[in-house]
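Summary of the model geometry
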Amino acid sequence: MEPAGSGAFPATQKFSNGYGSTGWHPSFSRRYWLSDVDESQIISISRQPLPDIVFSLIPEQEWASTLGDYMVMATLTSFCLLLVFHQSRAIVARRFLFIGATLYAFRSVTLIITQLPPGYQNNAMRCRDQVNITLSVFLSRVVEQAIRAGFQEKTKMLCGDMLFSGHTLTMVTSALCIAYYLPAKWRLLQWVSNFFAAVGMSCMIISRTHYTIDIFIAYLLSNFVFRTYHAFCEVDIFMERRKSVLYGLWMLRIAEWLEDDIVPGK
């Protein structure tokens, strides 16, 4: 029997972790020695854009970023006009706000879990320098974004809030509400907001404000949350709602409470 440490596979084998420190090889032990790793190398986010099929076909169009912001405002304004003239505006507004809050809660989770680098050709020029986050920096940025309602200047921006697109969820949810709540005789007007949303989503991609996957996920998730909520509302008996497979979703437990004073099926 060979002594420990001899033969093809030594009992302990060190490797370089790429940061100048060493640890035990993972095939023999799960212990890693990272005490001398530079912390900034762990928390910083790359500024090299990721590959994207649309980026490879269409060069960056900086003008489209501003147009995309206008499309967000146009779609949201169209929804607000619907609210003004709708006889059940309080119900529509409450549903819209809940759906929007749910989507932004999902977005907060995805932003925390995975940080993607911005997609601009020159991220160093377009984005602010990365800094260590302190409480004062955090609070100042929260106030700044609240005042601007999420919109930013087109140079020296706060970058990295990529997955998934907040612009898209706002436009898609607004357009879906308009299509759903417009009276039948005005139903053709839904194509106006649909057009705004389609142009806005396209602008988000070709301006490289978002990757294509950001837009795709935001579109699908907005549709899912909106249609699931309203499918639940269309069940016309309270007890049938609780028997529905939809009732297993946590957001619909809250929806049941929100819809408590509304006639089922409306």
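Note that the structure is a prediction, hence the values are computed from the model and not measured.

What counts as what
- Residues numbered from 1 in each chain as written.
- Predicted model: local features only at pLDDT ≥ 70, side-chain atom pairs only at ≥ 80, totals over all residues.
- Heavy atoms only, no water.
- Helix = DSSP H or I, 4+ residues; strand = E, 2+ residues; numbered from the N terminus.
- Buried < 20%, exposed > 50% of the residue type's maximum accessible area, 1.4 Å probe, protein only.
- Salt bridge = Lys/Arg side-chain N within 4 Å of Asp/Glu carboxyl O.
- UniProt positions renumbered as here; feature names shortened; annotations may be inferred.
- Patch = residues over 30% accessible without salt bridge, like charges linked within 9 Å, V, L, I, M, F, W, Y side chains within 5 Å.
- Areas by Shrake-Rupley, 256 points an atom, 1.4 Å probe, with all protein chains shown as cover.
- Phe/Tyr/Trp six-rings, centres within 6.5 Å; stacked < 30°, edge-to-face > 60°.
- Lys NZ or Arg CZ within 6 Å of the ring centre and 35° of its normal.
- Core = buried A, V, L, I, M, F, W, Y, C linked by side-chain atoms within 4.5 Å.
- Contact = heavy atoms within 4.5 Å.
- Expected span 1.5 Å × (residues − 1).

1. Re the overall build of the protein chain
Summing up its helical and strand segments, the protein chain has eleven helices and two strands in all. Put simply, the protein chain runs from its N terminus to its C terminus through helices and strands in the order β-β-α-α-α-α-α-α-α-α-α-α-α. When the 266 residues of the protein chain are sorted by exposure, 38% land in the buried category.

2. Thoughts on the pattern of salt bridges
Counted according to the given criterion, the structure contains one salt bridge. Between Arg95 and Glu259 there is a salt bridge, and its shortest N-O distance comes to 2.8 Å. Note that Arg95 is positioned in helix α4 (residues 89-113) and Glu259 in the segment after α11 (250-258), a separation of 164 residues in sequence.

3. Notes on the UniProt feature "transmembrane region" (unreviewed entry) in the protein chain
With numbering aligned to this structure, UniProt lists the feature "transmembrane region" (unreviewed entry) at residues 63-84, 163-182 and 213-232. The distance from the first to the last C-alpha atom of residues 63-84 is 32 Å, and the span holds 100% helix and 0% strand.

4. Thoughts on a nonpolar patch on the surface
Judged by side-chain polarity, Val131, Ile133, Leu135, Phe138, Leu139 and Val142 come together as a nonpolar surface patch covering roughly 590 Å² of accessible area. Mapped onto the elements, Leu139 comes out in helix α6 (residues 135-148).

5. Some points on the packing of aromatic side chains
As enumerated under the stated definition, the model contains seven aromatic pairs in all. With a centroid separation of 4.1 Å and 25° between ring planes, the pair formed by Phe79 and Phe96 is classed as stacked. Taken together, the residues Phe79 in helix α3 (residues 63-85) and Phe96 in helix α4 connect sequence positions 17 residues apart. The exposure classification of Phe79 matches that of Phe96, with both residues buried. Look at Phe98 and Tyr229: their rings are 5.6 Å apart centre to centre, the planes differ by 50°, and that puts the pair in the tilted class. One end of the pair, Phe98, is in helix α4; the other, Tyr229, is in helix α9 (residues 212-233), with 131 residues separating them in the sequence. As far as burial versus exposure is concerned, Phe98 and Tyr229 are alike and both buried. What links up through ring pairs into an aromatic cluster is the set Tyr180, Tyr181 and Phe226. Geometry around Phe55 places Arg208 over its ring, the cationic atom sitting 4.5 Å from the centre.

6. Considerations on the nonpolar core
What tends to happen in soluble globular proteins is that the nonpolar side chains get buried as a cluster. Counting 44 residues, the largest nonpolar core has Phe79, Leu82, Ile99, Met171, Cys177, Tyr229 and Leu252 as its most contacted members. For this core, the secondary-structure elements that each account for two or more residues are α2 (53-57), α3, α4, α7 (166-181), α8 (190-206), α9 and α11. The element that contributes the greatest number of residues to this core is α7, accounting for eight residues. Look past the residues within four positions of Ile99 in its chain and what remains in contact with it is Thr173, Val225, Phe226, Tyr229 and His230.

7. Section: α4
The terminal C-alpha atoms of α4, which comprises 25 residues, lie 36 Å apart, in line with the 36 Å expected from a rise of 1.5 Å per residue. Within α4, burial applies to Val92, Ala93, Arg95, Phe96, Phe98, Ile99, Gly100, Thr102, Leu103 and Arg107. Contacts from the buried residues of α4 go to α3, α7, α9 and α11.

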